[in-house]
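If you want the building blocks of each chain, they are given just below.
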Amino acid sequence: MTEVKLLVCGAFNDEERARFDANYPNIYAETPDDIAAVAEDIRAGITAVVFKGHAPFGGAAMDPLSGLGLIANFGVGYDAIDVAAASARGVKVTNTPNVLNDDVADLAVGMMLAQTRNMVEGDALTRSGQWAAGTNLPLNRKMSGGTVGICGMGRIGREIADRLAAFKMDIHYHSRSEKETPGWTYHADPVSLAKAVDWFVVALVGGSETEGYVSAEVINALGEKGIICNISRGSTIDEGAMLDALEQGKIAGAALDVFLNEPKIDERFYALKNVVLQPHQGSGTHETRRDMAELQLSNVTAYFEGRDLVTPVN
Ligand code: NAP
């Protein structure tokens, strides 16, 4: 009998599953919580898990795999995986950075334009025949030349800033340390950044360290012309404070790809006219998802062949 070393965990699509099947015999578990239910004799042979999704993957889900050495995450954000618990068990974690930067940055800019130019309302007006019947879209707001703040000048934040520079925007940013930039303005704290800009783009990592990083104080500092764009994780913003500010007109709007409790997001969002909402689709193109799958698999192959991991996290 062929030894099964790989456990596939999460909502991989057929193409992604077929890629694993073609390379390694594997066993499937829908979520980390289902791993313990895999037959004991198969679990004993598993040394690597490929993981996709946002279900928490903690130590309790690692423990039934006594030979586990690798969790290869599909995605750059690995906040669902308890990396400290993995490290404590000698388990390496990998992710898929860089290959998705362009798509996520493209979506951020697209959402910002859609929000500020009322493109969703414009589509509905045109499609419904109201424009043909004589109703014009109300004038909206110019984005080019505006002032934007990037909160988290990492890989994706940088791609967003580079794109917005081409929109002739005045770029400000906040990170824990100053970066080499073409003269962009650094802010040592997010409140100072929010005070200085009208557009505020969140590109932080998720996880407990950045929970509520964009606090009520930051949101209030942005002010009534402020538009928040978030492509990071729902957890990085005090979502309740943002909803209050959106409902009360304390900020002008938001363009959001990520939320708390996805996909069952807070229904207060549904009633808001000043938001553009996307179903966490930042990296969701055929091209990028294929690149992410290949990078994930190359980490698994490196691990099984005893080579250095391509994109290790711990
Ligand atoms: P990255 O290069 O690691 O950049 C992350 C940024 O977060 C950096 O600016 C970093 O600050 C900041 N940061 C990290 N830990 C922090 C802490 N404890 N306190 C304050 N700031 C902290 O990551 P990336 O590749 O750009 O990805 C960023 C995130 O985007 C991912 O983690 C993921 O959650 C999200 N994402 C979303 C989608 C989507 O579909 N919407 C797709 C891909 C990724 P420094 O600059 O100071 O180091």
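Residues numbered from 1 in each chain as written. Predicted model: local features only at pLDDT ≥ 70, side-chain atom pairs only at ≥ 80, totals over all residues. Heavy atoms only, no water.

Student: Talk me through the overall build of the protein chain; I want residue IDs and the actual numbers.
Tutor: Along the protein chain, the regular secondary structure elements total 11 helices and 12 strands. By the compact-globule yardstick of 20 Å for 314 residues, the protein chain fits well, its C-alpha radius of gyration being 22 Å. The principal-axis extent of the C-alpha atoms belonging to the protein chain is close to 70 × 50 × 30 Å. Considering only residue pairs separated by 6 or more positions, the protein chain has 59% of its internal contacts joining residues 24 or more positions apart. Looking at the protein chain as shown, the accessible area adds up to about 15000 Å², and 49% of this sits on carbon and sulfur atoms. Charge separation in the protein chain, taken as the distance between the mean sites of 27 positive and 42 negative side-chain charges, equals 4 Å. (Helix = DSSP H or I, 4+ residues; strand = E, 2+ residues; numbered from the N terminus. Rg over C-alpha atoms; globule rule 2.2 N^0.38 Å. Contact = heavy atoms within 4.5 Å. Areas by Shrake-Rupley, 256 points an atom, 1.4 Å probe, with all protein chains shown as cover. Lys, Arg positive; Asp, Glu negative; His and termini not counted. Charge placed at Lys NZ, Arg CZ, Asp CG, Glu CD.)

Student: Report on the nonpolar core, specifying residues and quantitative values.
Tutor: For soluble globular proteins, the rule of thumb is that nonpolar side chains tend to be buried together. One finds Val148, Ile150, Ile160 and Leu164 to be the most contacted residues of the largest nonpolar core, which totals 45 residues. With eight residues, helix H5 (residues 101–116) is the largest single contributor of residues to this core. Here this core spans two domains, and each of domain 1 (6–97 + 287–304) and domain 2 (101–277) adds at least three residues to it. Residues contacting Ile160, with those up to four places away along its chain left out, are Ala105, Ala108, Ile150, Val201 and Ile231. Grouped together as the second largest cluster of nonpolar side chains are 28 residues, Cys151, Leu204, Ile251 and Val275 included. (Core = buried A, V, L, I, M, F, W, Y, C linked by side-chain atoms within 4.5 Å. Buried < 20%, exposed > 50% of the residue type's maximum accessible area, 1.4 Å probe, protein only. Domains from an automatic or database assignment.)

Student: Go over the UniProt feature "domain: D-isomer specific 2-hydroxyacid dehydrogenase NAD-binding" (unreviewed entry) in the protein chain with me, naming the residues and quoting the values.
Tutor: Cross-referencing UniProt, the feature "domain: D-isomer specific 2-hydroxyacid dehydrogenase NAD-binding" (unreviewed entry) maps to residues 109–282 in the present numbering. Helix makes up 30% of residues 109–282 and strand 16%, with an end-to-end C-alpha separation of 11 Å. (UniProt positions renumbered as here; feature names shortened; annotations may be inferred.)

Student: A description of the pairing of strand E4 (residues 70–73) should follow, citing residues and the corresponding values.
Tutor: Residues Leu70 and Ala72 of E4 are buried on one face, and the alternating residues Ile71 and Asn73, pointing to the opposite face, are buried as well. Note that strand E3 (residues 48–52) and E4 share four bridges and pair parallel. Residue Phe51 lies in a different strand from E4, and its bridge partner there is Asn73. Where E4 and strand E5 (residues 92–94) come together, three bridges link them in parallel fashion. (Pairing = 2+ DSSP bridges.)

Student: Describe in detail the packing of aromatic side chains, supporting the description with residues and values.
Tutor: Scanning all chains against the criterion turns up seven aromatic pairs. On the numbers, 4.9 Å between centres and 65° between planes, the contact of Tyr24 with Phe304 is edge-to-face. You can see Tyr24 sitting in the loop between helix H1 (14–23) and strand E2 (26–29) and its partner Phe304 sitting in helix H11 (residues 286–304), a full 280 residues away along the chain. For Tyr24, a relative accessible area of 13% corresponds to the buried category. Arranged with centres 5.3 Å apart and planes meeting at 75°, the rings of Phe259 and Phe269 form a pair that is edge-to-face. Taken together, the residues span a long stretch of sequence, with Phe259 in the loop between strand E11 (253–256) and strand E12 (275–277) and Phe269 in the loop between E11 and E12 at a distance of 10 residues. Of the two residues, Phe259 and Phe269, both sit in the buried class. Among the aromatic residues, those joined into a ring-pair cluster are Phe12, Phe20 and Phe74. Here the basic side chain of Arg141 rests over the ring of Trp199, its NZ or CZ set 4.6 Å away from the ring centre. (Phe/Tyr/Trp six-rings, centres within 6.5 Å; stacked < 30°, edge-to-face > 60°. Lys NZ or Arg CZ within 6 Å of the ring centre and 35° of its normal.)

Student: How would you explain the packing of H1 against H11 if you had to name every residue and give the values?
Tutor: Relative to each other, H1 and H11 sit at 30°, their axes nearing to 11 Å. The angle between H1 and H11 places the two elements in the roughly parallel class. In the crossing of H1 with H11, the sense of the turn from one axis to the other is right-handed. Facing H1, whose interface residues are Glu15, Glu16, Arg19, Phe20 and Asn23, H11 presents Arg289, Arg290, Ala293, Glu294, Gln296 and Leu297. Broken down by class, the residue content of the contact of H1 with H11 amounts to three nonpolar, two polar and six charged. (Axes fitted to C-alpha atoms, helices over the stretch in contact; angles between N-to-C directions. Parallel < 35°, antiparallel > 145°, perpendicular 65-115°, else oblique. Left-handed = near helix turned anticlockwise from the far one by under 90°. Nonpolar A, V, L, I, M, F, W, Y, C, P; charged D, E, K, R; others polar.)

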